[in-house]
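# Report on the structure
Single-letter residue listing:
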Amino acid sequence: MRKKIDINTWIRKDHFNFFNTFDEPFFGVTVDVDCTFSYNEAKAINVSFFLLYLYKSLEAANHIEAFKYRIINDEVWHYDQVHASATISRPDGTFGFGYMDFYNDFSEFKTEAIAEIKRVENTTGLIPASSGQNVIHYSALPWLDFKSMSHARKFSFQDSCPKISFGKVRSEGDKKIMSVSIHANHALMDGFQVSQFVDGYQQLLNQNIKQLMPG
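For clarity, every value in this text was computed on a predicted model and none was experimentally measured.

### Observations regarding the pairing of strand E7 (residues 135-140)
The element E7 is extensively covered by neighbouring structure, given that 5 of its 6 residues are classed as buried. Here strand E5 (residues 83-89) runs beside E7; their pairing, made up of 4 bridges, is parallel. Paired with Ala84 across the two strands is Ile136, which belongs to E7. In this sheet, strand E8 (residues 163-172) lies alongside E7 in parallel orientation, the contact comprising 4 bridges. Bridged to Tyr138 within E8 is Ile164.

### Remarks on the pattern of salt bridges
Taken as a whole and judged by the stated rule, the model has 12 salt bridges. Close ionic contact of Asp32 with Arg170 constitutes a salt bridge, the shortest N to O distance being 2.6 Å. Residue Asp32 is found in strand E2 (residues 26-34), and its partner Arg170 is found in strand E8; the two are separated by 138 residues along the sequence. Under the relative-accessibility criterion, Arg170 is labelled buried at 15%. We note a salt bridge from Asp159 to Lys163, for which the minimum N-O separation is 2.5 Å. For the residue pair Asp159 and Lys163, the accessibility class agrees, reading buried in each case.

### Brief notes about the nonpolar core
If you look at the biggest cluster of nonpolar residues, it comprises 55 residues, and the most contacted ones within it are Phe67, Tyr138, Ile164, Phe166, Phe197 and Tyr201. If one sorts the elements of this core by residue count, helix H3 (residues 49-61) sits on top with 9 residues. The contact partners of Tyr201, leaving out residues within four places of it in the chain, are Val33, Tyr53, Lys56, Ser57, Ala60, Phe166, Met178 and Val180.

### A closer look at H3
Between its first and last C-alpha atoms H3 spans 18 Å; for 13 residues at 1.5 Å apiece the expected length is 18 Å, and the two agree. Of all the 13 residues making up H3, 12 are buried; the element is thus mostly covered by neighbouring parts of the structure. Regarding H3, its N-cap is Ser48, as a side-chain oxygen of that residue lies 3.2 Å from the backbone nitrogen of Phe50 further along.

### Examining the environment of Leu126
You can see Leu126 is positioned in the loop between helix H4 (106-121) and E7. According to the relative accessible area criterion, Leu126 is partly exposed, its value standing at 42%. Taking the C-alpha atoms as reference points, Leu126 and Met189, 63 residues apart in sequence, are found 30 Å from one another. Non-local contacts of Leu126, meaning those with residues more than four positions away in its chain, are made with Phe95, Gly96 and Phe97.

### With respect to the sheet that holds E2
With mixed pairing, 6 strands are arranged side by side in an open sheet as E2-E9-E8-E7-E5-E6. Two strands lie at the open edges of the sheet, namely E2 and strand E6 (95-100), each paired on one side alone. Going from strand to strand, the sheet's axes swing by 25 degrees on average, the running direction of each strand aside. The pairing of E2 with strand E9 (residues 175-185) spans 9 bridges and is classified as antiparallel. Bridge assignment links Asp32 to a residue of E9, and that residue is Ser179. Here H3 sits on the sheet in contact with E5, E6, E7, E8 and E9, set at roughly 150 degrees to E7.

### Section: the packing of aromatic side chains
With the rule as written, the count across this model stands at 18 aromatic pairs. Arranged with centres 5.6 Å apart and planes meeting at 90 degrees, the rings of Phe50 and Tyr53 form a pair that is edge-to-face. Linking Phe50 with Tyr53, this pair stays in helix H3, spanning 3 residues, or about one helical turn. Each member of the aromatic cluster is reached from another via a ring pair, and the members are Tyr39, Phe49, Phe50, Tyr53, Phe67, Tyr138, Phe166, Phe197 and Tyr201. When the ring centre of Trp77 is taken as reference, the NZ or CZ atom of Arg2 above it lies at 4.0 Å.

### What to know about the packing of H3 against helix H5 (residues 191-205)
Two elements in contact, H3 and H5, have axes separated by 9 Å at closest approach and are oriented at 135 degrees. For the element pair H3 / H5, the angle class is oblique. Every pair of crossing elements has a handedness; the one defined by H3 and H5 is right-handed. Side by side, H3 and H5 meet where Tyr53, Lys56, Ser57, Glu59, Ala60 and Ala61 of the first sit next to Phe197, Gly200, Tyr201, Leu204 and Leu205 of the second. A per-class count over the contact of H3 with H5 returns 7 nonpolar, 2 polar and 2 charged.

How each quantity is defined
- Residues numbered from 1 in each chain as written.
- Predicted model: local features only at pLDDT ≥ 70, side-chain atom pairs only at ≥ 80, totals over all residues.
- Heavy atoms only, no water.
- Buried < 20%, exposed > 50% of the residue type's maximum accessible area, 1.4 Å probe, protein only.
- Helix = DSSP H or I, 4+ residues; strand = E, 2+ residues; numbered from the N terminus.
- Pairing = 2+ DSSP bridges.
- Salt bridge = Lys/Arg side-chain N within 4 Å of Asp/Glu carboxyl O.
- Core = buried A, V, L, I, M, F, W, Y, C linked by side-chain atoms within 4.5 Å.
- Contact = heavy atoms within 4.5 Å.
- Expected span 1.5 Å × (residues − 1).
- Polar contact = N/O pair within 3.5 Å; in protein donor to acceptor, adjacent residues only side chain to side chain.
- Axes fitted to C-alpha atoms, helices over the stretch in contact; angles between N-to-C directions.
- Phe/Tyr/Trp six-rings, centres within 6.5 Å; stacked < 30°, edge-to-face > 60°.
- Lys NZ or Arg CZ within 6 Å of the ring centre and 35° of its normal.
- Parallel < 35°, antiparallel > 145°, perpendicular 65-115°, else oblique.
- Left-handed = near helix turned anticlockwise from the far one by under 90°.
- Nonpolar A, V, L, I, M, F, W, Y, C, P; charged D, E, K, R; others polar.

Below is the structure:
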């Protein structure tokens, strides 16, 4: 479900009108998160660390209203929930785009995500996900401990989906640290909302998942 925002009465009216005219309205930051707890949690319950940290990032994003705003035909829409459009690596070194719905129950998210990963792995080409606007564009670079990132962009296409990328997990003493890049459309949010996401994500990385059923 989605609803249209009345820009004329929106608190971000001036910000939206200003940044929405930019050829490149996206801004980005790269931060480190401490993923020690979740890294060990994934091993303890024998699940994919990637799926666990992806799930927790979606949970964090769905708690921030700005991450659920999208620009469609110069109108701002608010979605009830956002999902994942993620790059899935294949053994041959290529990747394809996959679509993963967010579910509050991790076990349900895990089951559907594993099926989508297998589907992409067993096909060729990019397979553009018919995911619509209510997604976050995700990518993982587990081979690189990056400090910054930029994204390929087609400026003729009006894009307002946040882009989140995860880097290589590195050890610092007894801690596991991971770089996370967040790019967002400045017409829809500022650094404050990105900081809310980072803080919320770190809290979730430090906690057990709410629900996990065997299997």
